[in-house]
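These are the residues of each chain, in order.
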Amino acid sequence: MTILITGGAGFIGSNFALDWVRTSVEQIVNVDKLTYAGNLSNLDSLRDNHNHVFVRADINDYSVVLNLLQTYKVRAILNFAAESHVDRSIHGPRDFIETNIVGTFNLLEAARAYWGELAEPERQKFRFLHVSTDEVYGTLTAAQPAFTEMNQYQPNSPYAASKAASDHLVRAYCHTYGLPVITTNCSNNYGPYQFPEKLIPLTIHRALSGKELPVYGDGQQVRDWLYVKDHCSALRRVLEVGAVGEVYNIGGNNEKTNLDVVKVICALLDELKPRADRQLYELRVAFVADRPGHDRRYAIDATKLATQISWQPDETFESGIRKTVEWYMGNQAWTEAIVNGEYRTWLEKQYGNTLS
Ligand code: NAD
Ligand code: TYD
C-alpha cells in the first residue's frame, strides 16, 4: 500500500516525507504545486529513492488527484498543502481561499470518489488526515486555559478562517458521507526547512546576515512552539491509532513570548557565532508596526493526544531551538537560495524600508 501526502515540498510536509522514508518501508506519493513556499531541494536526499514519488500538481486538479489515488492504491491521504503565512493572508487572501478551502474540498471529493469504490477491508482502513492549526480557535488572554478540542472556532485572520473552513468541510464529509477522516490542530512549528518569512528562520537568517530583527508591536504575543519532527511523529501516531471522526490537538507545552524567542536565538548565536564587533545580537532587535488583528496568545492542551494515543514530544524548546539554530548555521546555502527576487519583494511589502 501507499500513502499520499500533499504539500510535501513545504516545511512540515518535507520533514514528514524525510522521516517517513527513514522509518517506513511503505511508499509515499508526494503531490505539491511548488508555490513560492515549495522547495524541491528539501527532498534532495530522496531523489533516487523508489519509495518516494514526487508529482508536481495542484490539489485543485481533481482528475490528477483521483488518478494518483487509483494508480497507487492509496490507503491514506495526509493533507499538508496550504497557503500558510498569516501576513501574506492579510496582504492577499485569495490564494488562501483557493488552496485551503477549495483545494481541500477538491481533495475530499477525489477521496470520496476513490474510497466509495474500494472493497473491504481497504474501505474501512482508509484514512483522510487533515493537518490543521490551533489558529482556528482564535486568541487567548493570559488567564485563559489552553485550547482543547472542545474550544469554539473563532478564527481571526484570513489564514485562520480558511483553515477553519477546511476543517468544517472535513468534518462534514465524515458526518454526511462517512469518509474516515481525522483532523489535527497543531501549534506553531519550528525546525529545518522552514521558509524564512516565519519568525524563527527569519530571525536566524537576519541575525547571521548582520541585519535588524523585526518584532511586531510589543513582542509580548505568546505562541506555543513544537519542534517539527515532533509534529511529524504525532501525525504518524494519529494515522496509526487515531479514531475516525476525531480531532486531536498537537502541542509541546512551550509557551513563549515572541521577544523571548528572539532573545533565545540571539543568545545561542552569541555562543555559537559571536558577532565580529563583540556586541550582542539582541541589540539588533527592532520593534516594528504590529500585525493587523494580531492574535495575542495561542496555547495547546494536548492531554487527549497524550492520554488516548500515548504521544509525547521528544524535544524541549531548549533542545529543539538549539538544533534549529545549528541547522540554519550549517545550511546557509539553503536559505541564500531562497532570499532572492520574490522574497525581497515580500520583505519590502511587509516591512517597508524601515529595517536595516
Ligand atoms: P508551507 O507554506 O511551508 O508549505 C506548504 C506547501 O504546500 C508548499 O510546498 C506549497 O508548494 C504547497 N502548496 C500550496 N498550495 C498548493 C496547492 N494548491 N496544491 C498543491 N500544493 C500546494 O506550510 P507548512 O508550514 O509546511 O504547513 C503545512 C500544513 O501544516 C499547512 O496546512 C498548515 O496550515 C499546517 N500547520 C502549520 C503550522 C506551522 O507552524 N507551520 C502549524 C500548524 C499547522
Ligand atoms: P509566524 O512565524 O508568522 O507564525 P504565526 O503568525 O502563524 O504565529 O509568527 C510568529 C509570531 O511572531 C507571531 O506572533 C508574529 C510574530 N512575528 C514578529 O514579531 N516579527 C516578524 O518579523 C514575524 C515574521 C513574525
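Structural notes, computed from the coordinates. All figures in this text were calculated on a predicted structure; none of them were measured in a lab. (Residues numbered from 1 in each chain as written. Chains lettered and ligands numbered in written order. Predicted model: local features only at pLDDT ≥ 70, side-chain atom pairs only at ≥ 80, totals over all residues. Heavy atoms only, no water.)

Near ligand 1 there are 28 residues, and of these Ile-12, Asp-32, Ser-84, Tyr-159 and Lys-163 occur at the shortest range. Between ligand 1 and the protein, one listed contact pairs an oxygen atom with a side-chain N or O atom of Ser-84 at 2.6 Å. One of the backbone N or O atoms of Asn-189 is found 2.8 Å from an oxygen atom in ligand 1. For ligand 1, the accessible surface in isolation is 830 Å², of which the surrounding protein chains cover 97%. Secondary structure elements with two or more residues in the shell around ligand 1: helix H1 (11-23), strand S5 (127-133), helix H6 (158-177) and strand S7 (188-190). No other element matches S5, which puts 3 residues into the shell around ligand 1. (Near = heavy atom within 4 Å. Polar contact = N/O pair within 3.5 Å; in protein donor to acceptor, adjacent residues only side chain to side chain. Areas by Shrake-Rupley, 256 points an atom, 1.4 Å probe, with all protein chains shown as cover. Helix = DSSP H or I, 4+ residues; strand = E, 2+ residues; numbered from the N terminus.)

Attention now goes to the sheet that holds strand S9 (residues 222-227). Spatial strand order, S7-S9-S11: 3 strands in an open sheet with mixed pairing. Looking at which strands have only one partner, the edges of the open sheet turn out to be S7 and strand S11 (255-257). The average angle at which neighbouring strand axes cross in this sheet is 50°, direction not considered. Pairing of S7 with S9, which is carried by 3 bridges, proceeds in the parallel orientation. Bridge assignment links Asn-189 to a residue of S9, and that residue is Leu-226. Of the strands in this sheet, S7 and S9 are in contact with helix H8 (residues 228-241), which crosses S9 at around 70°. (Pairing = 2+ DSSP bridges. Axes fitted to C-alpha atoms, helices over the stretch in contact; angles between N-to-C directions. Contact = heavy atoms within 4.5 Å.)

Let us now look at the site of ligand 2. For ligand 2, the set of nearby residues contains 16 residues, the closest of which are Glu-135, Asn-258, Arg-291, His-294 and Tyr-351. Within the side chain of Asn-188, an N or O atom sits 2.9 Å from an oxygen atom of ligand 2. Contacts to ligand 2 include Tyr-351, whose side-chain N or O atom sits 2.5 Å from an oxygen atom. When isolated, ligand 2 has an accessible area of 510 Å², and the protein chains bury 97% of it. Those elements that provide at least two residues to the shell around ligand 2 are helix H7 (199-208) and strand S8 (213-216). Considering each element in turn, the shell around ligand 2 owes the most residues, 3 residues, to S8.

What follows is about the packing of helix H9 (residues 258-272) against helix H11 (residues 317-330). Running from N to C, H9 and H11 point in directions that differ by 60°, and their axes come no closer than 10 Å. Of the possible angle classes, the one that applies to H9 and H11 is oblique. By crossing handedness, the relation of H9 to H11 is classed as right-handed. Where H9 abuts H11, its residues Val-261, Val-264, Ile-265, Leu-268, Leu-269, Glu-271 and Leu-272 lie against Phe-317, Ile-321, Arg-322, Val-325, Glu-326 and Met-329. Partitioned by chemical class, the residues of the contact of H9 with H11 number 10 nonpolar, no polar and 3 charged. (Parallel < 35°, antiparallel > 145°, perpendicular 65-115°, else oblique. Left-handed = near helix turned anticlockwise from the far one by under 90°. Nonpolar A, V, L, I, M, F, W, Y, C, P; charged D, E, K, R; others polar.)

Of note, Tyr-177 is situated in helix H6. A C-alpha to C-alpha distance of 15 Å links Tyr-177 and Lys-125, two positions 52 residues apart in sequence. For Tyr-177, the contacting residues outside a window of four places in its chain are Arg-112, Trp-115 and Ala-172.

This part is about a nonpolar patch on the surface. Together, Ile-97, Val-102 and Phe-105 give the surface a local cluster of nonpolar side chains, amounting to about 220 Å² of exposed area. Residue placement: Phe-105 occurs in helix H4 (residues 94-117). (Patch = residues over 30% accessible without salt bridge, like charges linked within 9 Å, V, L, I, M, F, W, Y side chains within 5 Å. Salt bridge = Lys/Arg side-chain N within 4 Å of Asp/Glu carboxyl O.)

Before going further, it helps to spend a moment on the packing of aromatic side chains. Enumeration over the complete set of coordinates arrives at 19 aromatic pairs. Taken together, a centroid distance of 6.4 Å and an interplanar angle of 80° make the contact between Phe-96 and Tyr-159 edge-to-face. Of this pair, Phe-96 sits in helix H4 while Tyr-159 sits in helix H6, and the two are 63 residues apart along the sequence. Phe-96 gets classed as buried once you look at its relative accessible area, which sits at 2%. Among the residues examined, Tyr-159 registers a relative accessible area of 8% and is labelled buried. Both rings, one in Tyr-137 and one in Tyr-153, keep their centres 5.6 Å apart while their planes meet at 85°; by these two values the pair is edge-to-face. Of this pair, Tyr-137 sits in the loop between S5 and H6 while Tyr-153 is found in the loop between S5 and H6, placing the two residues 16 residues apart along the sequence. (Phe/Tyr/Trp six-rings, centres within 6.5 Å; stacked < 30°, edge-to-face > 60°. Buried < 20%, exposed > 50% of the residue type's maximum accessible area, 1.4 Å probe, protein only.)

A few words on the side chain of Asp-224. Within the secondary structure layout, Asp-224 lies in strand S9. Buried and without a salt bridge, Asp-224 has Arg-297 as its closest oppositely charged side chain, separated by 7.4 Å. One polar contact links the side chain of Asp-224 to the main-chain amide nitrogen of Ile-300, over a distance of 2.8 Å. (Lys, Arg positive; Asp, Glu negative; His and termini not counted.)

Glancing now at H9. Here H9 spans 21 Å end to end across 15 residues, near enough to the 21 Å set by a 1.5 Å rise per residue. Regarding H9, the residues found buried are Asn-258, Leu-259, Val-261, Val-262, Ile-265, Cys-266, Leu-268 and Leu-269. Buried residues belonging to H9 abut H7, S8, S9, S11, strand S12 (285-288) and H11. (Expected span 1.5 Å × (residues − 1).)

So, on to the pairing of S9. Burial of S9 is extensive: 6 of the 6 residues sit out of reach of the surface. Because side chains alternate across S9, one face comprises the buried residues Val-222, Asp-224 and Leu-226, and the other comprises Arg-223, Trp-225 and Tyr-227, equally buried. Here S9 pairs with S11 via 3 bridges, running antiparallel. Note that in S11 the partner of Asp-224 across the bridge is Glu-255.

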